[in-house]
Amino acid sequence: MRRIQESGPRSSRVALATLVGIALAAAGARADEPRAAEGPRRTNRLAKETSPYLLLHAHNPVEWYPWGPEAFAKAKAEKKPIFLSIGYSSCYWCHVMERESFMDADIAKKLNEEFVCIKVDREERPDVDHVYMVALQAFSGSGGWPMSMFLTPDGRPFFGGTYFPPRDREGILGFSSLLAAVSDAWKNKRDLLERDATNLADVVRKAVAGGSMRKLPLTRELAAGARTALAEQFDPQFAGFGFDPARPKRPKFPEPANLVYLLDQHRRLARDPARKTEAVEMLGMALETLDRMQRGGIRDHLAGGYHRYSTTRDWSIPHFEKMLYDNAQLAEVHLTAYEITKDPRWKVEAEATLAFVLRSMTSSRGSFDSALDAESEAEEGRTYVWSKEELEKTLGPDFGLFSKIYGIDAAPNFEHGRFVLLEPKTRAEQSAALGLSADAIESRLVPARAKLLALRDQRPAPLRDDKTLTSWNGLMIGAFAEAHRVLGRPSDRQAAERAVEFIARELTTPEGRLLRTYRAGVAKLPAYLEDYAFLADGLLRLHAATRDEKHLTHARTVVDRMLKDFSDHQEGGFFFTADDHESLLARPKDPFDNAIPGANSLAIRSLVRLGVATGERAYLDHARRALEAFSSSMSSNPAGAPIMLTALEEYLDAVAGGETPQPKSMSVLGGLTNLKPPAPGGVVKASLEPSTAKLSVGATATLKLRISIAPRFHIYANPTGSETVDPTTVDLEPGSPFEVVKVDYPAGKAMTLASLGPEKLNLYEETVEVGVVLRAKPGTQPGRFECKLRLRYQACDDRSCLAPATLKPAFAVEVE
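Let me begin by describing the structure that accompanies this report. (Residues numbered from 1 in each chain as written. Predicted model: local features only at pLDDT ≥ 70, side-chain atom pairs only at ≥ 80, totals over all residues. Heavy atoms only, no water.)

**Let's talk about the overall build of the protein**
Filter applied, for reference: Numbering of helices and strands runs from the N terminus, with a helix taken as a DSSP run of H or I at least four residues long and a strand as a DSSP run of E at least two residues long. For every residue, the accessible area obtained with a 1.4 Å probe (protein chains only) is divided by the maximum for its type, and the residue is called buried under 20%, exposed over 50%, and partly exposed between those limits. Working rule for contacts: check all heavy atoms of both residues, and any pair within 4.5 Å makes them a contact. Note on areas: Shrake-Rupley with a 1.4 Å probe; residue coverage comes only from the protein chains shown.
When helices and strands are tallied, the protein shows 26 helices and 28 strands. A buried classification covers 57% of the 816 residues belonging to the protein. Sequence-distant contacts in the protein: of pairs separated by 6 or more residues, those separated by 24 or more amount to 71%. As displayed, the protein has an accessible area near 32200 Å², and 51% of this comes from carbon and sulfur atoms.

Below, the structure is given as structure tokens:
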């Protein structure tokens, strides 16, 4: 899956000389001391908005505009660049930048005089956020919030970043310096900025188009493609996914979509006795991740529910914001884990998460609020952390047991000598160490946690983003519906149905179209694909749990409108915006999942489930066309689309027993129509020379990796010459005492493939050699070490591809 906070598409090769010049000029600019805004408290145009995030900026001295035609008309009339700032209410660094920069009188003066300033809540306008996040990632290689972008008056981006301190600080570019440099470049080098903006806009349009002209057979092999990828990404020490030894401080995200996929694959594999080992592996990765999160600081051990992500690999220290969508998905995953294992631990955890949502994120109207902030009193985590003295005073005689269970008997794990509560050891380990049963331990902890929660509730609470988003409410409706189906509790059905009634009453127009957001009595903004898809998914789950036909009828109405307004009638699949939505730089059509499921993923799954529930084949046909449209994306990046792969499995279940529809374009492939991934080494083979390398400490050794490719096939070169496909890569398997100094990839053969149109790609055919230069990591002792390289590639012919694969040729290194 893609983690927008951390990484994105490979950097484009747009002309960046001007942008680099801006940064260099700004770095040398004189940094003045900040000056707070003076005079009576004033308001700007954001005071008329309903978004809590926008209202936080309503008293800034910056003359903010909300996104809309008024701001762009002003920029065009005055020939000024636009400063676009995108964030959300529970974003800690958004608040920091607001206090440091947007309340600073000097910075506000520069912004007001030289720019037209637009502020956007990314949760209200995910279309705007997506387009400009792609732009930011394209030229910087990463992204995040607050997003700080500079645009031409017609909306083309030419420079940007995320958080900037107000003044230059310890080598970090200051926002004041950046504003001065951008303003100077706009006045004196506008032609270069315009050129770069045009190039970057072209990159964005291409990147957000989604899908591929190449359509692959819809097979079980394609649906199983993420198994290997997720196993390679799995952190063997602390569970979860995406740990990179080269970036050990990278945040760890829950990624519930991965867990949904793994649990689904376990259920399927467990039906075949011959695949028991694979089934156990899938279940093990999911349960170990749930265990580590449940015991970690990412979980709120007093009130239940989960924080957004962990800032540490071991899940111990969270980023403290709480999002509705995380807790909806994790409640569902815990329910599935309970269904599979019958382990009451997961039932209790699902119930605790749902109880947290009802207690802290459910409005009196019956809808669900969006988020809880990470900070209170301008300090991140202040609500949630404890000093040892506070705990001792509050718990009295219960402190001894509590401190052992929740890690208080170790060194403080948070700033200023405070603690984030977590469980370093499993309950079984604690039970053995203390000589108490797990039930006895829990019975003593329950009143202790209640005391602490009562005290915590007296502290200043984090800001609540109490807007209702249709899409996120759809996820939560689905979670409560699943809880009713699995646990049979009437209260869960009531919670789901109250939210459905609210959306039908307040967020649905008389014409049957959905609106995106509701707050303070105002419903507004045309809904996006995810609003329709997520609501339909929730309604179908509610129908499955209750067998009430009104929910099926409601789901059909939502899906029919989704088909009418969002379908790509030419290629299949769905655009993120409706046909009559506001036109931006590009019209996104994204096949991938992220922190929330991909809108296309749940749109397809809803079509399949509606087709099965109604018996109407037309819905399955729409699902097939969408799956075909994204088949190449699923093949090339299966770990990026786990929910879509589960939708593919459900589609294949639905058409089982009949002829599985295949893409029409497959008819020309002859023998490749039913091509299945061969055993490793079948199409591509790899060997190493020498098989044993010798090196001295501090020196390097060079290996030659010989790659042999079967006739009719190719693999992609490195670089590929295209943004649309991933290159062949070579690195060391994690855990090696060596590191790769350099990889010499040979030049590929430039070719045009029938499946990808006129674009030329660099390919490897027949036999190629890759040079890999190694050296021992500091501290490596003399001796012989068994190691493996990791060759990642995708084998294709001119029109169709096998699933991405990995070979691990072994070798030895003797360190002298």
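What follows picks up the thread again.
**Topic: the packing of aromatic side chains**
The geometry of an aromatic ring pair is captured by the separation of the ring centres together with the interplanar angle, meaning the angle of the planes. Here is the rule: Aromatic rings from Phe, Tyr and Trp, taking only the six-membered ring of Trp, are treated as a pair when their centres fall within 6.5 Å; an angle between ring planes under 30 degrees marks them as stacked, one over 60 as edge-to-face, and anything in between as tilted.
Tallied over the entire structure, the rule returns 25 aromatic pairs. Note on Tyr 88 and Trp 145: the rings are 5.9 Å apart at their centroids and 85 degrees apart in plane angle, and the pair reads as edge-to-face. Of this pair, Tyr 88 sits in the loop between β2 (82-87) and α4 (92-102) while Trp 145 sits in the loop between α6 (126-140) and β4 (147-151), and the two are 57 residues apart along the sequence. Relative accessible area serves as the criterion here: at 5%, Tyr 88 is assigned to the buried category. Look at Trp 145 and you get buried, because its relative accessible area is 10%. Measuring from centroid to centroid gives 4.7 Å for Phe 253 and Tyr 309, while their planes differ by 40 degrees, and the two rings are tilted. You can see Phe 253 sitting in the loop between α10 (226-233) and α11 (256-269) and its partner Tyr 309 sitting in strand β6 (residues 309-310), a full 56 residues away along the chain.

**Focus on unusual backbone geometry**
Between Trp 145 and Pro 146 the backbone carries a cis peptide bond, its omega angle lying at 5 degrees. Summarising the element assignment, Pro 146 is placed in the loop between α6 and β4. A positive phi is found at Leu 525, a non-glycine position, where the angle reads about 70 degrees. When you line up the elements, Leu 525 lands in strand β15 (residues 522-526). On the basis of relative accessibility, which here comes to 24%, the residue Leu 525 falls in the partly exposed class. Unusually for a residue other than glycine, Arg 547 sits at a positive phi of about 60 degrees. For Arg 547, the position within the fold is in the loop between α21 (529-546) and α22 (549-566).

**Some thoughts on the nonpolar core**
The cut-off we apply is this: Residue types Ala, Val, Leu, Ile, Met, Phe, Trp, Tyr and Cys, when buried and joined through side-chain atoms within 4.5 Å, form a set referred to as a nonpolar core.
If you look at the biggest cluster of nonpolar residues, it comprises 114 residues, and the most contacted ones within it are Met 476, Met 562, Phe 574, Leu 648 and Tyr 651. The contacts of Leu 648, once residues within four sequence positions are left out, are Leu 218, Thr 219, Leu 222, Ala 223, Leu 627 and Met 634. Counting 62 residues, the second-largest nonpolar core is a separate cluster that includes Phe 83, Ile 107, Leu 136 and Leu 151.

**Focus: the side chain of His 551**
Short version of the rule: Polar contact criterion, stated in full: a pair of N or O atoms within 3.5 Å, where within protein one must be able to donate a hydrogen and the other to accept it, and residues adjacent in sequence count only if both atoms are side-chain atoms.
Within the fold, His 551 resides in helix α22. Within the local environment of His 551, its side chain forms a polar contact with the side chain of Glu 497, the two groups lying 2.8 Å apart. What His 551 contacts, discounting residues up to four positions off in sequence, is Glu 497, Leu 539, Leu 542, His 543 and Thr 546.

**Here we look at the environment of His 307**
Examined against the element boundaries, His 307 turns out to sit in the loop between α12 (276-295) and β6. Taking relative accessible area as the criterion, His 307 reaches 2% and is therefore assigned buried. Taking the C-alpha atoms as reference, His 307 lies 8.0 Å from Asp 326; in sequence the two are 19 residues apart. For His 307, the residues in contact, after removing those within four places along its chain, are Gly 297, Ile 298, Arg 299, Asp 300, Pro 318, His 319, Phe 320, Glu 321, Lys 322 and Tyr 384.

**With respect to the pattern of salt bridges**
Our working rule: The term salt bridge refers to a side-chain nitrogen of Lys or Arg lying within 4 Å of a carboxyl oxygen of Asp or Glu.
Scanning the entire structure with this criterion turns up 81 salt bridges. It is possible to trace a salt-bridge network through shared partners that takes in Arg 267, Glu 332, Glu 339, Glu 482, Arg 485, Asp 537, Arg 541, Arg 605, Arg 609 and Glu 650.

**Section: helix α8 (residues 190-207)**
Since the α-helix turns once every 3.6 residues, residues separated by three or four places project in the same direction. Basically, it comes down to this: Multiplying one less than the number of residues by 1.5 Å gives the expected span of a helix. What the arc measures is the spread of directions leading from the helix axis to the C-beta atoms.
Taking 1.5 Å per residue as the helical rise, α8 with its 18 residues ought to reach 26 Å, and the 25 Å between its terminal C-alpha atoms agrees with that figure. Within α8, burial applies to Leu 193, Asp 196, Ala 197, Leu 200, Ala 201, Val 203 and Val 204. Buried residues in α8, looked at end-on, bunch into an arc of 160 degrees, giving them a common side.

**Observations regarding the packing of α21 against α22**
Filter applied, for reference: A fitted line through C-alpha atoms represents every axis, and for helices the fit uses only the stretch in contact; the resulting angles, taken between N-to-C directions, go from 0 to 180 degrees. Should an angle lie under 35 degrees it is considered roughly parallel, over 145 roughly antiparallel, and from 65 to 115 roughly perpendicular; all remaining angles are considered oblique. By the definition used in this description, the sense in which the near helix is turned from the far one sets the handedness, with an anticlockwise turn below a right angle giving left-handed and a clockwise turn giving right-handed. Lys, Arg, Asp and Glu make up the charged group, whereas Ala, Val, Leu, Ile, Met, Phe, Trp, Tyr, Cys and Pro make up the nonpolar group; the residues left over, Gly among them, are polar.
One way to put it is that α21 packs onto α22 with a least axis distance of 8 Å and a crossing angle of 160 degrees. It follows that α21 is roughly antiparallel to α22 by the angle criterion. α21 and α22 meet at a crossing whose hand is left-handed. On α22, the residues touching Leu 529, Tyr 532, Ala 533, Leu 535, Ala 536, Leu 539, Leu 540, Leu 542, His 543 and Thr 546 of α21 are Glu 549, His 551, Leu 552, His 554, Ala 555, Val 558, Val 559, Arg 561, Met 562, Asp 565 and Phe 566. Of the residues contributing to the contact of α21 with α22, the split by class is 14 nonpolar, 4 polar and 3 charged.

**What to know about the side chain of Thr 728**
Note that Thr 728 resides in the loop between β19 (714-716) and β20 (729-732). A polar contact of 2.5 Å, which involves the side chain of Thr 728, links it to the backbone oxygen of Tyr 716. If sequence neighbours within four positions are ignored, Thr 728 has contacts with Ile 715, Tyr 716, Ala 717, Asn 718, Tyr 745, Leu 791, Arg 792 and Tyr 793.

**As for the pairing of β15**
Using the following cut-off: At least two DSSP bridges between two strands are needed for those strands to be called paired.
Two strands pair when backbone bridges link them, and strand β14 (residues 515-519) and β15 are joined in this way by 4 bridges, in the antiparallel orientation. Looking across to β15, one finds that Thr 517 is bridged to Lys 524. Hairpin remark: β14 followed by β15, antiparallel, with 2 residues in the connecting loop; positive phi at Ala 520, about 55 degrees.

**Some thoughts on the sheet that holds strand β24 (residues 767-776)**
Read across the open sheet, the 4 strands follow the order β16-β18-β24-β21; overall the sheet is antiparallel. In this open sheet, the two strands that pair with only one neighbour each are β16 (684-689) and β21 (738-744). Each neighbouring strand pair of the sheet contributes to a mean axis angle of 30 degrees, computed without reference to strand direction. For β21 and β24, the ladder comprises 6 bridges, and the chain directions are antiparallel. Bridge pairing in β24 links Val 740 to Leu 774.

**Section: the environment of Leu 55**
With respect to the helices and strands, Leu 55 occurs in helix α2 (residues 52-55). By relative accessible area, which is 27% here, Leu 55 ends up partly exposed. Sequence spacing of Leu 55 and Ser 89 is 34 residues, and the spatial spacing of their C-alpha atoms is 9.5 Å. Ignoring anything within four residues of it in the chain, the contact list for Leu 55 reads Leu 46, Ala 47, Glu 49, Thr 50 and Arg 519.

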